[in-house]
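These are the residues of each chain, in order.
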Amino acid sequence: MIEIINLTKTYEKSKKTLRDVNITIEDGEFVFVMGRSGSGKSTLIRLLLKEVEPTEGRIIVNDMDLGRMPRRYIPKYRRKLGVVFQDFRLLKDRNVYENVAFAQRVIGASGRAIRESVPEMLRLVGLSAKYKSYPHQLSGGEQQRVAIARALINRPEVLLADEPTGNLDPQNAIEIMRLLDEINRQGTTVIVVTHSREIVDMMAKRVITIDRGMVIGDTKESGYED
Ligand code: ADP
Ligand code: MG
């Protein structure tokens, strides 16, 4: 469970990027965070990753208060989270297989574990046939699938996606959303940041709306049930 409690974030004095945000996300939920550009969505993701610290308030993940977490525990904590971004962030000089395997290698997985998991993950995202391709040989939608496979390879509990369809055409965007839905059905908590009303309407999931740093709507709070 993720609890964001009375959270305020101020990067620079006077301007509050996030203001008194309260959000609870249960294990296994699929949640959209929707808001216009500059409303503070990416800041929320960065706070969850413990890349930036709250100015006020707390974030508690699985009963662990991020503000009290010892520095040495941060890498282990981050492994509970998979992240994908709008711009994919793949390694350009490595093929699909290597991009996914790399994420597993850096945490010290055995060669055998990698040879087992990578094909399985590429199957999940529908890219088995392209395992030898390099990023520049793939469409945007395919590149995002690789990024999703990489984000999931170490079996995180939560997948954070910051505008994952921002660089994709509508058809690819829909397919990526279906994939995220499937991943959620398999048990991973999924948090998707978007500014697209179309995407949110299509998916019929919980939507937390942020405007100028404040939560102005949460379909769950208003009695919406999945
Ligand atoms: P969104 O992802 O919704 O577009 P962001 O969280 O990226 O919003 O940014 C929200 C606000 O916080 C913006 O006004 C932005 O300029 C400001 N901001 C974000 N990151 C920083 C930073 N590192 N330093 C100062 N201001 C920042
Ligand atoms: Mg952003």
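Note: the structure precedes this text.
Rules behind the numbers
Residues numbered from 1 in each chain as written. Chains lettered and ligands numbered in written order. Predicted model: local features only at pLDDT ≥ 70, side-chain atom pairs only at ≥ 80, totals over all residues. Heavy atoms only, no water. Near = heavy atom within 4 Å. Polar contact = N/O pair within 3.5 Å; in protein donor to acceptor, adjacent residues only side chain to side chain. Areas by Shrake-Rupley, 256 points an atom, 1.4 Å probe, with all protein chains shown as cover. Nonpolar A, V, L, I, M, F, W, Y, C, P; charged D, E, K, R; others polar. Core = buried A, V, L, I, M, F, W, Y, C linked by side-chain atoms within 4.5 Å. Buried < 20%, exposed > 50% of the residue type's maximum accessible area, 1.4 Å probe, protein only. Helix = DSSP H or I, 4+ residues; strand = E, 2+ residues; numbered from the N terminus. Contact = heavy atoms within 4.5 Å. Pairing = 2+ DSSP bridges. Expected span 1.5 Å × (residues − 1).

Description of the site of ligand 1
Move 1: Around ligand 1, the neighbouring residues are Tyr 11, Glu 12, Lys 15, Thr 17, Arg 36, Ser 37, Gly 38, Ser 39, Gly 40, Lys 41, Ser 42 and Thr 43.
Move 2: The separation between an oxygen atom of ligand 1 and a polar side-chain atom of Thr 17 is 3.0 Å.
Move 3: Here an oxygen atom of ligand 1 and a backbone polar atom of Gly 40 are 3.0 Å apart.
Move 4: The protein chains hide 63% of the 560 Å² of surface that ligand 1 would expose on its own.
Move 5: Of the residues contributing to the shell around ligand 1, the split by class is 1 nonpolar, 7 polar and 4 charged.

A short note on the nonpolar core
Across soluble globular proteins, you tend to see nonpolar side chains buried next to one another.
Move 1: Of all hydrophobic cores here, the largest spans 40 residues; its most connected members are Phe 32, Val 118, Leu 122, Ile 148, Leu 180 and Val 192.
Move 2: Among the secondary structure elements, those contributing two or more residues to this core are β3 (30-34), α3 (96-105), α4 (111-124), α5 (140-152), β7 (158-162), α6 (170-185), β8 (189-194) and α7 (197-203).
Move 3: Setting aside its immediate chain neighbours within four residues, Phe 32 contacts Met 177, Val 192, Thr 194, Ile 199, Val 200, Met 203, Lys 205, Arg 206, Val 207 and Ile 208.

Looking at the pairing of strand β4 (residues 56-61)
Move 1: Of the strand pairs in this sheet, strand β1 (residues 2-9) and β4 are connected by 5 bridges, and their pairing is antiparallel. The partner of Ile 5 across the bridge, within β4, is Arg 58.
Move 2: In the sheet, β4 pairs with strand β5 (residues 64-65) via 2 bridges, with the strands oriented antiparallel. Within the sheet, the bridge partner assigned to Ile 60 lies in β5 and is Asp 65.
Move 3: Counting the residues that bridge the hairpin from β4 to β5 gives 2 residues, and of these Asn 62 lies at a positive phi of roughly 45°.

Looking at α6
Along an α-helix, a turn takes 3.6 residues, which lines up residues three or four apart on a common side.
Move 1: The end-to-end C-alpha distance of α6 is 22 Å, a good match for the 22 Å that 16 residues give at a rise of 1.5 Å each.
Move 2: Of the positions making up α6, those classed as buried are Asn 172, Ala 173, Ile 176, Met 177, Leu 179, Leu 180, Asp 181, Ile 183 and Asn 184.
Move 3: Turning to α6, the residues buried within the fold contact β3, α4, α5, β7, β8 and α7.
Move 4: Of the residues flanking the start of α6, the one acting as N-cap is Asp 169, its side-chain oxygen 3.2 Å from the backbone nitrogen of Gln 171.
Move 5: Downstream of α6 by one or two residues, Gly 187 has phi in the positive range, about 120°.

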